[in-house]
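# Coordinate inspection notes
Here is what each chain is made of, one letter per residue.
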Amino acid sequence: MPVITCIDDLKRLHKLRTPKMFYDYCESGSWTEQTFRENTSDFDKIRLRQRVAVDMSNRTTKTTMIGRDVAMPVALAPVGLTGMQRADGEIKAARAAEKFGVPFTLSTMSICSIEDVRENTKAPFWFQLYVMRDEEFVDNIIQRAKNAGVDALVITLDLQILGQRHKDLKNGLSAPPKLTAKSIIDMGWRVQWGLEMLQTKRRTFRNIVGHAKSASDMSSLSAWTAEQFEPRLDWSMIARLKEKWGGKVILKGVLDVEDAKKAVEVGCDAIVVSNHGGRQLDGALSSIRVLPSIVEAVGDQTEVWLDSGIRSGQDVLKALCLGAKGVMIGRAYIHGLGAMGEAGVTKALEVIHKELDISMALCGRRDINTFDRDMVLVPDDFEGRWA
Ligand code: GLV
């Protein structure tokens, strides 16, 4: 058993143990990947303020996210094709999250369906909705989520058309993978991955296949998005969806103060400041850079969370100090899943929790609910002057 000390250790194992097309799907941004890179490098520009001789006993990272008790304010983000990183990946990740006491979000573009996750877990989970042209499909999936006891709907706003990820095109990404000489050789030596995949029946987009009018290629994320995602999505449609759902709503993919204000106007329980992990608009600002202005504009009216760029507990801490009430992690747990299945997701959560807890103590705090701007040092020009 390798010694895992950080998310990067899991990332190395993920790369080793998972077919290239799926590892690359996770570890890429759109076009030049500038935004993808800056999501993490901008975190490095922020420093933590070391404080000493402060009582650091009885620490807690427990808090709430939209009223739900969490062991730490870190939710698992919706990630497409998770069940291709490891067989039954969404079920494994949801189980790890449940045991750890953090929320799991199932993507519309998942391999395991809403029903698969429901049958194999107990805790309520969140469901992420991509708005499709096919209204019947949308109505139906909302009902399926309700039937499964989903307790918050995450509406993703920044992927009505797909940003181009060069590697996916070059690798011929599909679920299940198409059998070519290259893919057979590549999969052939990921023995554990292959054995587990052979034992599961879950190898297609099970939220969609059998539930929606067929696309030209049901195995292809890019064909599906191009043909089925609703390009006319606007605030009035979001308001209607919110009404249809009738429960808690999280609006994900907000990167601009004006949009944050609109999100609050429409009504939501939280917004997620996100550029989709740098996978959509290449050239957009990193999430952490935009966060303070959005917190300032709407932080007293809704919970502001952040995703895109979190790879450590120190990153979580920095985001909270800049005003986020919580964060979502994507790649950090997918690396764990690809490395070691459910145990790897648990490991990713443990790593982040330990880093968060110890760094909090070294900053002189013992309660995560007391984080503030005083704990970090941010360069004067961090947010930048953009005209
Ligand atoms: C889907 O959410 C993707 O980013 O590929």
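This is a predicted model, so every value here is computed, not measured.

## Details of the site of the ligand
Close to the ligand lie Tyr25, Tyr130, Leu159, Arg165, Leu221, His276 and Arg279. Tyrosine 130 places a side-chain nitrogen or oxygen 2.6 Å from an oxygen atom of the ligand. Interatomic distance of 2.6 Å between a side-chain N/O atom of arginine 165 and an oxygen atom of the ligand. Relative to its free-state accessible area of 190 Å², the ligand is covered by the protein chains to the extent of 95%. Judged by the proximity of its atoms to the pocket grid, the ligand belongs to the largest cavity. Residue composition of the shell around the ligand, by class: 4 nonpolar, 1 polar and 2 charged.

## Some details on the packing of aromatic side chains
Given two aromatic rings, one states the distance between the centres and the angle between the planes to describe the pair. Within this structure, the stated rule accounts for 3 aromatic pairs. Note on phenylalanine 22 and tryptophan 193: the rings are 6.2 Å apart at their centroids and 25 degrees apart in plane angle, and the pair reads as stacked. Of this pair, phenylalanine 22 sits in helix H2 (residues 20-26) while tryptophan 193 is found in helix H10 (residues 191-199), placing the two residues 171 residues apart along the sequence. Tryptophan 193 sits in the buried class, given a relative accessible area of 5%. Both rings, one in tyrosine 130 and one in phenylalanine 229, keep their centres 4.8 Å apart while their planes meet at 35 degrees; by these two values the pair is tilted. With tyrosine 130 in the loop between strand E6 (126-129) and helix H7 (135-147) and phenylalanine 229 in the loop between helix H11 (221-228) and helix H12 (235-245), the pair connects residues that are 99 residues apart, well separated along the chain. Phenylalanine 229 carries the same exposure label as tyrosine 130, and that label is buried. Over the ring of tyrosine 25 we find arginine 279, and its NZ or CZ is 4.5 Å from the ring centre. Between arginine 289 and the ring centre of phenylalanine 382, over which it is positioned, the NZ or CZ distance is 5.7 Å.

## Things to note about the sheet that holds strand E5 (residues 105-106)
Read from one edge to the other, the open sheet built from 8 strands follows the order E4-E11-E10-E9-E8-E7-E6-E5, with strand pairing classed as parallel. On the outer flanks of this sheet lie strand E4 (74-76) and E5, each paired with one strand and no other. As paired elements, strand E7 (residues 152-156) and strand E8 (residues 249-254) share 4 bridges and run parallel to each other. Opposite leucine 153, over in E8, you have valine 249 as the bridge partner. Relative to E8, H12 is tilted by about 155 degrees, and along the sheet it contacts E6, E7 and E8.

## A word on the packing of helix H15 (residues 313-321) against helix H16 (residues 331-362)
Between H15 and H16, the shortest axis-to-axis distance is 7 Å and the interhelical angle comes to 55 degrees. Between H15 and H16, the angle is such that the two are oblique. The element H15 and its partner H16 pack so that their crossing is right-handed. In this structure, H15 uses Gly313, Gln314, Val316 and Leu317 to contact H16, whose residues at the interface are Ile352, Glu355, Leu356, Ser359 and Met360. Residues that form the contact of H15 with H16 fall into these classes: 5 nonpolar, 3 polar and 1 charged.

## Points about empty space enclosed by the protein
Taken as a whole and assessed by the stated rule, the structure comprises 2 cavities of 30 Å³ or more. By volume, the largest cavity is sized at about 410 Å³. Lining the largest cavity are 31 residues, with Pro78, Val79, His276, Arg279 and Gly330 positioned closest to its centre. Listing elements by their share of the lining of the largest cavity, those giving two or more residues are H2, H11, strand E11 (326-329) and H16. In the lining of the largest cavity, the residues fall into 14 nonpolar, 11 polar and 6 charged. By volume, the second largest cavity is sized at about 50 Å³. Contributing to the lining of the second largest cavity are Arg68, Ala94, Ala97, Glu98, Val102, Phe104, Val117, Thr121, Ala123, Pro124 and Phe125.

Analysis parameters
- Residues numbered from 1 in each chain as written.
- Predicted model: local features only at pLDDT ≥ 70, side-chain atom pairs only at ≥ 80, totals over all residues.
- Heavy atoms only, no water.
- Near = heavy atom within 4 Å.
- Polar contact = N/O pair within 3.5 Å; in protein donor to acceptor, adjacent residues only side chain to side chain.
- Areas by Shrake-Rupley, 256 points an atom, 1.4 Å probe, with all protein chains shown as cover.
- 1 Å grid on protein atoms, 1.4 Å probe; cavity = no way out; pocket = protein on both sides within 12 Å on 5 of 7 lines; lining within 4 Å.
- Sits in = over half its atoms within 2 Å of the grid points.
- Nonpolar A, V, L, I, M, F, W, Y, C, P; charged D, E, K, R; others polar.
- Phe/Tyr/Trp six-rings, centres within 6.5 Å; stacked < 30°, edge-to-face > 60°.
- Helix = DSSP H or I, 4+ residues; strand = E, 2+ residues; numbered from the N terminus.
- Buried < 20%, exposed > 50% of the residue type's maximum accessible area, 1.4 Å probe, protein only.
- Lys NZ or Arg CZ within 6 Å of the ring centre and 35° of its normal.
- Pairing = 2+ DSSP bridges.
- Contact = heavy atoms within 4.5 Å.
- Axes fitted to C-alpha atoms, helices over the stretch in contact; angles between N-to-C directions.
- Parallel < 35°, antiparallel > 145°, perpendicular 65-115°, else oblique.
- Left-handed = near helix turned anticlockwise from the far one by under 90°.
- Points joined across faces, edges and corners; volume = space filled by probe spheres on them.

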